[in-house]
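Here is how the chains run, residue by residue.
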Amino acid sequence: TLPLDLTGRNVLISAGGTREAIDPVRFIGNHSSGRQGYALAATAVARGANVTLISANVGFSGPAGVDVRPVTSALELRAAMLHERDKADIVVMAAAVADFRPDTAAVNKIKKTGDTPTPIALVENPDILLELSRHRGGVSPQNQIVVGFAAETDNVVENGRAKLARKGCDLLVVNQVGQGRAFGTTENQASVLAVDGTVTEIEHAPKEDVADRIWDLVVERLPA
Ligand code: C5P
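Residues numbered from 1 in each chain as written. Predicted model: local features only at pLDDT ≥ 70, side-chain atom pairs only at ≥ 80, totals over all residues. Heavy atoms only, no water.

(A) Spatial organisation of the overall build of the protein chain. The number of helices and strands found in the protein chain is five helices and 12 strands. The C-alpha radius of gyration computed for the protein chain amounts to 18 Å, which stays within 12% of the reference 17 Å derived for 224 residues, consistent with globular compactness. C-alpha extents for the protein chain along the principal axes are approximately 65 × 35 × 30 Å. The buried share of the protein chain, taken over its 224 residues, is 44%. Considering only intrachain contacts with a sequence separation of at least 6, the fraction spanning at least 24 residues in the protein chain is 64%. Split by element, the accessible area of the protein chain, about 11300 Å² in all, is 53% carbon and sulfur. Between the centroid of the 23 positive side chains of the protein chain and the centroid of its 27 negative side chains there is a distance of 5 Å. (Helix = DSSP H or I, 4+ residues; strand = E, 2+ residues; numbered from the N terminus. Rg over C-alpha atoms; globule rule 2.2 N^0.38 Å. Buried < 20%, exposed > 50% of the residue type's maximum accessible area, 1.4 Å probe, protein only. Contact = heavy atoms within 4.5 Å. Areas by Shrake-Rupley, 256 points an atom, 1.4 Å probe, with all protein chains shown as cover. Lys, Arg positive; Asp, Glu negative; His and termini not counted. Charge placed at Lys NZ, Arg CZ, Asp CG, Glu CD.)

Below you can see the structure in the form of C-alpha cells.
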C-alpha cells in the first residue's frame with residue numbers, strides 16, 4: 001500500500017530542458033529528457049498530492065492526474081514558476097535551465113553569406129531556483145519547501161554543499177553525471193544534501209524509486 005503522505009499538498013515541479021531561440025528554427029538546448037521530473041510528478045500524485053508540472057520540451061505525455069503546463073524558454077519557465085508558486089507547499093526545480101540565452105533572437109532564419117559568421121551574443125538567464133529559494137511564496141512562505149537539482153562530475157558532496165548554500169534551497173538532489181549516467185536514462189542515483197547538514201545516498205534505481213526516496217525526505221520536513 002502506498003503512503004498517502006502528500007494528501008492535500010500542492011506540489012509544483014519543473015521538468016525537461018529549456019530552449020533558447022537563436023532564430024525561428026534554431027535554439028540552444030540541452031540533453032535533459034524530463035524523466036526524473038515526470039517520475040516525481042507521477043509518484044507525488046500516487047502519494048495524494050495536487051501536482052502542477054511546468055514542462056520544458058519533454059517528448060512524452062504527462063502522468064495522469066497532473067496539470068501540465070508546457071513552456072519553451074528559461075524566461076517562460078521562470079514566469080510560470082513565479083505565477084504558480086504562490087499556491088505551492090513544495091517546489092521542485094528538476095528542469096535543466098539554460099544558463100545563457102541569445103541576446104536577441106533573429107526574426108528571420110539566419111543565412112549563410114560566405115563571409116565570417118556573425119557571433120551569437122549571449123546574456124545570462126536569471127537563476128530561478130535561487131530566486132524561488134531566497135524569496136519564498138506560497139500560502140505559508142516560511143513553511144514552503146524548495147528542492148533543487150544539481151549535476152556534478154566530481155566532488156559531489158563538496159560541490160553540492162556549496163551549491164546548496166548559494167541557492168538557499170532546503171534540499172539539493174545531486175546527480176553524478178558523465179560516463180552515460182543520469183541524462184536520458186530511465187535510472188538514476190543521487191546524493192541528497194539537506195540544509196540541516198544531512199546527506200542521504202539514494203542507490204542506483206529506476207527514476208520512480210529515486211523520486212519516492214526524494215518525497216520521503218520532503219515529507220520528513222513538512223510542517224504538521
Ligand atoms: O547552478 P546549476 O545550474 O548547477 O543549478 C542547478 C539547479 O538550479 C537546478 O535545480 C536547476 O533547475 C536550477 N536552475 C535555475 N535557473 C537557472 C539555472 C539553474 O533554476 N538559470
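(B) Geometry of the packing of helix 1 (residues 35-46) against helix 5 (residues 207-220). Direction vectors running N to C along helix 1 and helix 5 enclose 60°, while the axes themselves pass 8 Å from each other. Here helix 5 runs oblique to helix 1, going by the angle between their axes. Every pair of crossing elements has a handedness; the one defined by helix 1 and helix 5 is right-handed. Counting all contacts with helix 1, which are made through Arg35, Gln36, Ala39, Leu40, Thr43 and Ala44, the residues of helix 5 involved are Lys207, Glu208, Val210, Ala211, Asp212, Ile214 and Trp215. The class makeup of the residues in the contact of helix 1 with helix 5 is seven nonpolar, two polar and four charged. (Axes fitted to C-alpha atoms, helices over the stretch in contact; angles between N-to-C directions. Parallel < 35°, antiparallel > 145°, perpendicular 65-115°, else oblique. Left-handed = near helix turned anticlockwise from the far one by under 90°. Nonpolar A, V, L, I, M, F, W, Y, C, P; charged D, E, K, R; others polar.)

(C) View of the UniProt feature "binding site: CTP" (unreviewed entry) in the protein chain. UniProt feature "binding site: CTP" (unreviewed entry): in the numbering of this structure it lies at Asp99, Lys109, Pro126, Asp127, Ile128, Leu129, Phe149, Lys163 and Lys167. These annotated residues cover 69 residues of sequence, and their C-alpha atoms reach 38.0 Å apart at the extremes, leaving them scattered rather than at a single site. Inspection of the secondary structure assignment puts Pro126 in the loop between strand 8 (122-124) and helix 3 (128-134). The residues contacting Pro126, other than those within four sequence positions of it, are Leu75, Arg78, Arg101 and Glu131. Within the secondary structure, Lys163 is located in helix 4 (residues 156-167). (UniProt positions renumbered as here; feature names shortened; annotations may be inferred.)

(D) Spatial organisation of the pairing of strand 1 (residues 10-16). Burial within strand 1 is extensive, with six of its seven residues counted as buried. Sheet topology places strand 1 next to strand 4 (residues 50-56); seven bridges connect them, and they run parallel. If you follow Asn10 over to strand 4, its bridge partner there is Asn50. In this sheet, strand 6 (residues 90-93) lies alongside strand 1 in parallel orientation, the contact comprising four bridges. When the sheet's bridge partners are listed, Ile13 is paired in strand 6 with Val92. (Pairing = 2+ DSSP bridges.)

(E) Broad picture of the site of the ligand. Around the ligand sit Met93, Ala95, Val97, Asp99, Pro126, Asp127, Ile128, Leu129, Gly148, Phe149, Lys163 and Lys167, and those are all the residues in its vicinity. In this structure, Pro126 approaches the ligand through a main-chain N or O atom, which is 2.9 Å from a nitrogen atom. Here an oxygen atom of the ligand sits 2.7 Å away from a polar atom, N or O, in the main chain of Leu129. Burial of the ligand by the protein chains amounts to 86% of its free accessible area of 450 Å². Looking at the shell around the ligand, the elements with two or more residues in it are helix 3, strand 9 (145-152) and helix 4. Here the residues of the shell around the ligand are counted per class, giving seven nonpolar, one polar and four charged. (Near = heavy atom within 4 Å. Polar contact = N/O pair within 3.5 Å; in protein donor to acceptor, adjacent residues only side chain to side chain.)

(F) Looking closely at the sheet that holds strand 5 (residues 67-71). Here we have eight strands laid out as an open sheet, ordered 5-4-1-6-9-10-11-12, and mixed in their pairing. Across the chains shown, the open sheet's two edge strands, defined by having one partner strand only, are strand 5 and strand 12 (199-206). Adjacent strand axes in the sheet meet at a mean angle of 20° when their direction is disregarded. Of the strand pairs in this sheet, strand 11 (residues 187-194) and strand 12 are connected by six bridges, and their pairing is antiparallel. Bridging across to strand 12, Ala190 finds its partner in Ile202. Set on the sheet, helix 2 (residues 74-84) makes contact with strand 1, strand 4, strand 5 and strand 6; between it and strand 4 the angle comes to about 165°.

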